[in-house]
Amino acid sequence: MKQIYTLLLLIAAAATTACDKDQKTLNQLDGTWQVKEVTHLKQDTTKLPSSGTITLTKCNLDDAAKSCPGTFTFNSQPSKELVYSVMDKGKTINFTAAGSHEGFMYMLYGPWKVVQQTDDRLELEGEAALSVFNAATRTPKRVDVRMVLER
């Protein structure tokens with residue numbers, strides 16, 4: 001019986017540590033980030049946004065939705081709402097949002113791997129990162145990119 005209690009305590013401690021790291025990352029992400037660079041990870045001719053901002057609002061992991069609100073804009077387009085969450089002990093950020101520019105729809109979505117993070121720089125890359133399509137292209141095109149954000 002003691003072994004079962006010990007195992008349960010270890011599982012609870014591991015879960016708490018993961019949640020604490022995710023919450024710490026949420027706290028660090030709070031604020032407005034300038035898009036400094038968006039580059040292709042694989043050769044592609046799709047035109048990517050060259051500037052913009054992403055504003056992330058801090059929230060608590062205790063919230064029922066386990067996700068936080070924010071906004072983003074690319075290339076001086078109107079601001080769009082987004083929802084984000086932090087996973088994998090702060091090593092992954094998941095975005096869900098959409099916005100348009102020059103007749104194309106930009107979707108900021110999917111899990112982004114945190115490549116580097118400091119207080120004033122955030123480097124992300126994602127396989128299903130930025131989808132670009134227009135009315136003539138019904139199926140979104142997945143574009144694998146690296147995005148550098150700075151405060």
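S.K.: Go over the state of the cysteines, please, and point to the residues and values.
M.R.: This structure, assessed with the given rule, holds 1 disulfide. Note that C59 is cross-linked by a disulfide to C68, the S-S spacing being 1.8 Å. The sign of the S-S torsion, about -65°, decides the handedness of the disulfide formed by C59 and C68: left-handed. C59 sits in the buried class, given a relative accessible area of 10%. Take C68: its relative accessible area is 3%, and that puts it in the buried class.

S.K.: An account of the nonpolar core is needed here, citing residue identities and associated values.
M.R.: If you look at the biggest cluster of nonpolar residues, it comprises 28 residues, and the most contacted ones within it are I54, L82, Y84, F95, L108, L124 and M147. Sorting elements by how many residues they give to this core places strand β8 (residues 141–150) first, with 4 residues.

S.K.: Go over the pattern of salt bridges, please, and point to the residues and values.
M.R.: In this structure the tally under the stated criterion is 5 salt bridges. Here R121 and E123 are joined by a salt bridge, their closest N and O atoms 3.4 Å apart. Given a relative accessible area of 26%, R121 falls into the partly exposed group. By relative accessible area, E123 is classed as buried at 9%. E150 is paired through a salt bridge with R121; the nearest N and O atoms lie 2.7 Å apart. One end of the pair, E150, is in strand β8; the other, R121, is in strand β7 (residues 121–133), with 29 residues separating them in the sequence. Overall, the relative accessible area of 25% leaves E150 in the partly exposed class. In the salt-bridge network here, residues are joined through shared partners; they are R121, E123, E125, R146 and E150.

S.K.: Break down a positive patch on the surface for me, with residues and values.
M.R.: Residues K21, K24, K89 and K91 make up a contiguous surface patch of positive charge. Tracing the chain through its elements places K91 in the loop between β4 (80–87) and β5 (92–101). In this structure K91 comes out as exposed when scored by relative accessible area, which is 55%.

S.K.: Give me the lowdown on the packing of aromatic side chains, citing residues and values where you can.
M.R.: Throughout the structure, instances matching the rule amount to 3 aromatic pairs. Their ring planes at 40° and their centres at 6.5 Å tell us that Y84 and F95 sit as a pair that is tilted. Within this pair, whereas Y84 is found in strand β4, its partner F95 is found in strand β5, the two being separated by 11 residues in sequence. Overall, the relative accessible area of 0% leaves Y84 in the buried class. Members of the aromatic cluster, joined through ring pairs, are Y84, F95 and W112.

S.K.: Describe in detail the pairing of strand β2 (residues 52–56), supporting the description with residues and values.
M.R.: The alternating pattern of β2 places G52, I54 and L56 on a buried face and T53 and T55 on a face that is not buried. When strand β1 (residues 31–40) meets β2, the two strands line up antiparallel, connected through 4 bridges. Bridging from a neighbouring strand, W33 pairs with I54 of β2. For β2 and strand β3 (residues 68–74), the ladder comprises 5 bridges, and the chain directions are antiparallel. Looking at β3, one finds that T55 is bridged to T71.

Here is what the cut-offs are and how they apply
- Residues numbered from 1 in each chain as written.
- Predicted model: local features only at pLDDT ≥ 70, side-chain atom pairs only at ≥ 80, totals over all residues.
- Heavy atoms only, no water.
- Disulfide = S-S within 2.5 Å.
- Buried < 20%, exposed > 50% of the residue type's maximum accessible area, 1.4 Å probe, protein only.
- Core = buried A, V, L, I, M, F, W, Y, C linked by side-chain atoms within 4.5 Å.
- Helix = DSSP H or I, 4+ residues; strand = E, 2+ residues; numbered from the N terminus.
- Salt bridge = Lys/Arg side-chain N within 4 Å of Asp/Glu carboxyl O.
- Patch = residues over 30% accessible without salt bridge, like charges linked within 9 Å, V, L, I, M, F, W, Y side chains within 5 Å.
- Areas by Shrake-Rupley, 256 points an atom, 1.4 Å probe, with all protein chains shown as cover.
- Lys, Arg positive; Asp, Glu negative; His and termini not counted.
- Charge placed at Lys NZ, Arg CZ, Asp CG, Glu CD.
- Phe/Tyr/Trp six-rings, centres within 6.5 Å; stacked < 30°, edge-to-face > 60°.
- Pairing = 2+ DSSP bridges.

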